[in-house]
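Working through the structure, step by step
Chain by chain, the residues run as shown.
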Amino acid sequence: MKFTLSWLKQPLDTEATLDEIVTQLTMLGLEVEGVEDPAKVLASFRVAKILEAVPHPDADKLRVCKVEALVGDKIEVLQVVCGAPNARAGLTGIFAPSGATIPANGMVLKPTKIRGVESNGMMCSMRELELSEEHDGIIELPDTFAVGTLASEALGANDPVIEIAITPNRPDCLGVYGVARDLAAAGLGRLREGNLSPVEGKFQSPIGIKLEFASGTESACPIFAGRLIRGVKNGPSPEWLQHYLSAVGLRPINALVDITNFLSLDRARPLHVYDASKIKGDLRARLGRKGEKLAALDGKTYDVAPEYCVIADDENVLGFAGVMGGEASGSSLETVDVFVESAYFDPVRTAKTGRATGIISDARYRFERGIDPAFTVPGLELATRMIMQLCGGEPSQVIVAGEVPDTTKVIHFDPMRVEKLTGLSLARNESESILKHLGFGVTGKSGGLFDVSVPSWRPDIDGQADLVEEIVRVHGLAGVKSVALPRIHAVAKPVLSVQQKRERISRRALAARGLVETVNWSFVSEAQASLFGGGNATPALKLANPISTDMSHMRPSLLAGLIAAAGRNGARGFADVALFEAGQQFGDETPEGQTFAATGIRRGTARPLGAGRHWQGKAGAVEALDAKADALALLASLGAPQLQVSNDAPHWYHPGRSGSFKLGPTKTIGYFGEIHPRILAAMDVTGPIVAFEVFPANIPDPKKKATRAKFPLVLSDLQPLRRDFAFVVDSTVASDALIRAAKNADKKLISDVSLFDVFEGGAMGEGKKSLAIEVTLQPSEKTLTDEEIDTVSKAVIAAVVKATGGTLRG
Amino acid sequence: MADIQDLSKLEADIVAAIVAANDEATLDAVRVAALGKKGSVSDLMKSLGGMSAEERQTAGPALNGLKDRLTEALAARKSALTEAALEARLAHEKIDVTLPVRESAIEAGRIHPLSQVLDEVISIFADMGFAYEQGPDIESDHYNFTALNFPEAHPAREMHDTFYFEPRADGSRLLLRTHTSPVQVRTMEKGKPPFRFICPGRTYRSDSDQTHTPQFHQIEGLVIDETTHMGHLKWVLEEFLRAFFEVEGVELRMRPSFFPFTEPSMEVDVRCARLGNEIRIGEGDDWLEILGCGMVHPNVLKAAGLDPEKYQGFAFGMGLDRIAMLKYGIPDLRAFFESDLRWLRHYGFSALDVPSLAGGLSS
């Protein structure tokens, strides 16, 4: 909301400076967003006089002038080349010296030569000073202004424009008067109420007003007041009014329209003026009817909906109540008899109508936040007085349909609440005085509770906390002193849950593996969501109003974002990337459907030991087992128990080069593998890309232990011994099955089994492979005899043969 | 028995041979020739047996002395030869110490600035006794608005530019939370006062320009008990900002403002200096708006099942992305979500940069 300083000083009688006012506004919660002070902008521009103007030797349209101007603190005569047609000897105008910045274009003047003739400074037009559109020539002033007078003074451009942000709870401050009331309460002057007394009606208005609402919908418009003023002479509004409106960005139109705009901004009281000759029969407020249309003042035609509150005459809809009037019934320069409307419309219904029609107007803005219903008739009187002053005419009696809705609210207020809530200790009478200055009624016995009645213009005030806010914001929040929040424990207790710790560990563990953490959008395109099990399959995760079609669905997996990111980095020349994200993904719309995943990808040659070429050996293409290694490192960091690996990852993985980590037959802890070539093709990203997804929440919580002590460590003094075995098995045999069989052959003696060679093809023949293992035997009581070693070896061979159907390699 | 002269000559000859031996094999041959089973000195030693006791008294010590001296000389020569051989070998063993090695994983990996700053914030608030609560991104109208005292159709709802899902069968619509405040209500509902927690998380608004992205991150804090007031709020914010920005002190300015879920509501500015594009917190003559806060609105307490006549407290909220940008001089919010490797490597953190109050938040 914008207003000028002189406008503010109409209702506010104050000696305060602009700076004081600006500071106080912000500290009252009316945050100043900007101050445009033309006097500051024009500070280096002053009145100067052209003493002589002769034609430029080399240019027909230019003149070489001798200009008398104030330079520093001395009057000097400068040579200035000027192109204005009215540049002539004896002209008094506005001069910009070298060093000045021209407001209209930001140009900084410096001494120059124009077609070979020296020129120092510039004589200015109104447009160059951004004071009007006038650019036919340079400014001409009466010669009563002395050379050196400030331009702002000579031109009357000394009214700063203040812009403040009004929070939605303060509809009363959508008028300058309300702002003045707050400033006065804060001690920055005295509030002038203005003349709100009734203007005597001279006749009965031939146009009546009706409220036509079915039972239950009367709240749409509880009161509608109006009067006819006949014999007005519409025309341009006076200069002061045009100045106020144009200073805040409104185009002056004609006196009648300007008056309604002014009262909307000055008193937060939207009004509407009709050309009475265009009203057929009576005016009424009612709900809209299907099929009706309105050609509104914005030049567009709208369909009327049954939920809208409209103003209509006997035949047509003339306007959307509280939103916008119609074009046909509006006032114009030809208007002689004017009907003035002042009504109160339901904020919620007005907001809905505004949203449905998409119309943004000053009236809607005010009505939907809640204007003062008690000001309906006083506002009409104020408008009548202004119209008669500026346009003449004779008013009818006021007609009022309905009545002011009851806004009476009395709050039992304990003044001690101020200290309890804010720590600020205020005297009882200070609280009382602040409330009274803001227009609250305060009664109550000394020492007891106050009975505080809320003024009709404050729909935001409901309870004691609201009153505390009013008191402290006017008193000033600077007085609030810091008080230490008591510590709960001398040494702070840990706060993270198991899952929260896992989220944190996931990130650190993966970064330690050389992966780079990304944060991608929570939404992806429908096509991408479909690639990873979402999209059409989960319509509940589709946004109704996405910011773009690329961001229409909640992501079912973090992979879409990561693969797309790898593609973008590749396009920038970084093809070999190892990226991860640890964050939320969405299986369905419920809170439980949102799960945390730690997901990573490696692309190109971004293998765990390094990417690309290196003198010690170049990295090959990434492999599925690189992703498995990442996932296992992460799972180990998370304290996951031993997991089974099976070949059944989801469809976005390569069917033969991917696997799942499982705990028991059903609980999936994660996946790893090569991304399916079809997925990469669909996303237009070249591979190979390997990936893993780990779901830390699926790992069971560790058992709560009574003690932090670890199990006692038992060490054997006896040396372990190692034996190698090689088996020939079918290619389809999982190495893991062989290792487990060997390990279980003698659980007491065998402490470790490691696979040290895998050989497939060649001499093995089709469909066979050789797996070689090293078995570690750890005796615990005595050195093993040859016989005992032999027995264990036989047991290992027998177990492996039984489990895999293989044979010992001869 | 040879006489003393003969022994001296023998010794001199053997010593000369030891000195002359230039490799271990030659030296060993000298040893065998003198002290081996059939060596010259061994032969003489054997002759001791055939001597008279008197002769033995002189010859014994002489021969033993000879043997000891030769053993010592052999050992000394052997050690000299080993040393020389090692020196010779080392002289040939040379590498180009300037050859590059592969970057280690711990150097290559990065933590995103958002995760880093989240860890910093959690460690500060954990010390002040704030628990860490989370809630879902997909919310109901109830938790995002109604329970937070946003009246239906009120313009305050429109200020939030909400992302909605399609209406469900019953007409209700889920939405993406526009702030982390729903977690306040969810947490209060499932627990009992006193409450002291933060709830950081991802939030969404349908807004996209230079300084707005459709997703961003907030951190919300809440304290509810029977006595906590605005002075405590100011202290918590001062202490947090001082610790987070790692400065000696901060100065705050509270301005009245409006949020439906707090009353009174404030916006908080922190004193700062603007040096070109850089903003320094804790010095200078300028103010920077940094967060919103207030005393929890009685209607919110009621919605969470608490008696507003008995319980009171404060809530505050700020942008996690924003304080990350301020602290680490990151110019553009949009870059947070672009996953540009160059940006991540520059603004990201090492896995080992774990923020702690003992070691300092940043290294």
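What counts, and where the lines are drawn
Residues numbered from 1 in each chain as written. Chains lettered and ligands numbered in written order. Predicted model: local features only at pLDDT ≥ 70, side-chain atom pairs only at ≥ 80, totals over all residues. Helix = DSSP H or I, 4+ residues; strand = E, 2+ residues; numbered from the N terminus. Rg over C-alpha atoms; globule rule 2.2 N^0.38 Å. Contact = placed C-beta atoms within 7 Å. Pairing = 2+ DSSP bridges. Axes fitted to C-alpha atoms, helices over the stretch in contact; angles between N-to-C directions. Domains from an automatic or database assignment. Nonpolar A, V, L, I, M, F, W, Y, C, P; charged D, E, K, R; others polar. Buried ≥ 20, exposed ≤ 12 C-beta atoms within 10 Å, placed from the backbone.

Let us now look at the overall build of chain A. Helices and strands together make up the secondary structure of chain A, namely 20 helices and 40 strands. The C-alpha atoms of chain A give 42 Å as radius of gyration, which overshoots the globular expectation for 810 residues (28 Å, by more than 25%). Judged by the C-alpha coordinates and their principal axes, chain A covers about 125 × 85 × 65 Å. Intrachain contacts of chain A at a sequence separation of at least 6 include 70% that bridge at least 24 residues.

Below, the discussion takes up the sheet that holds strand 28 (residues 516-517) of chain A. All names here are of chain A. Taken together, seven strands build an open sheet; the order of strands is 28-31-32-36-35-34-33 and the sheet is mixed. Looking at strand neighbours, the two that pair on one side only are strand 28 and strand 33 (644-646), the edges of this open sheet. Of the strand pairs in this sheet, strand 35 (residues 667-675) and strand 36 (residues 689-694) are connected by five bridges, and their pairing is antiparallel. Residue tyrosine 671 lies in a different strand from strand 36, and its bridge partner there is glutamate 693. Lying on the sheet, helix 16 (residues 559-571) is in contact with strand 31 (578-586), strand 32 (594-603), strand 35 and strand 36; it crosses strand 32 at an angle near 25°.

Parsing chain B into structural domains produces domain 1 (4-92) and domain 2 (109-347). Each of domain 1 of chain B and domain 2 of chain B was reduced to a C-alpha centroid, and the two centroids are 90 Å apart.

All names here are of chain A. Strand order in the open sheet formed by five strands is 6-5-4-7-10, with antiparallel pairing between adjacent strands. Each edge of the open sheet is held by one strand with a lone partner, namely strand 6 (74-82) and strand 10 (122-123). Where strand 5 (residues 59-71) lies against strand 6, nine bridges are found, and the strand directions are antiparallel. Considered in strand 6, the bridge of valine 64 is made with valine 81.

With 71 residues of chain B at the interface, the matching set in chain A holds 76 residues. In terms of residue count, the dominant contributor to the side of chain B that touches chain A is helix 10 (residues 230-245) of chain B (seven residues). A breakdown of the residues in the side of chain B that touches chain A according to their chemical character gives 39 nonpolar, 17 polar and 15 charged.

So, about the environment of A:Ile253. Residues and elements named next belong to chain A. Looking at the secondary structure, you find isoleucine 253 in the loop between helix 6 (239-247) and helix 7 (255-267). Isoleucine 253 gets classed as partly exposed once you count the C-beta atoms within 10 Å, which come to 19. Separated by 18 residues in sequence, isoleucine 253 and glycine 235 have C-alpha atoms that sit 8.7 Å apart.

Our next topic: the pairing of strand 5 of chain A. Residues and elements named next belong to chain A. In this sheet, strand 5 lies alongside strand 4 (residues 46-56) in antiparallel orientation, the contact comprising seven bridges. Each residue of the ladder has a partner; that of glutamate 52, found in strand 5, is lysine 66. The antiparallel pairing of strand 4 with strand 5 creates a hairpin that spans two residues between the two strands. In sequence, strand 5 turns back onto strand 6 through a hairpin of two residues, with glycine 72 there showing a positive phi of about 65°.

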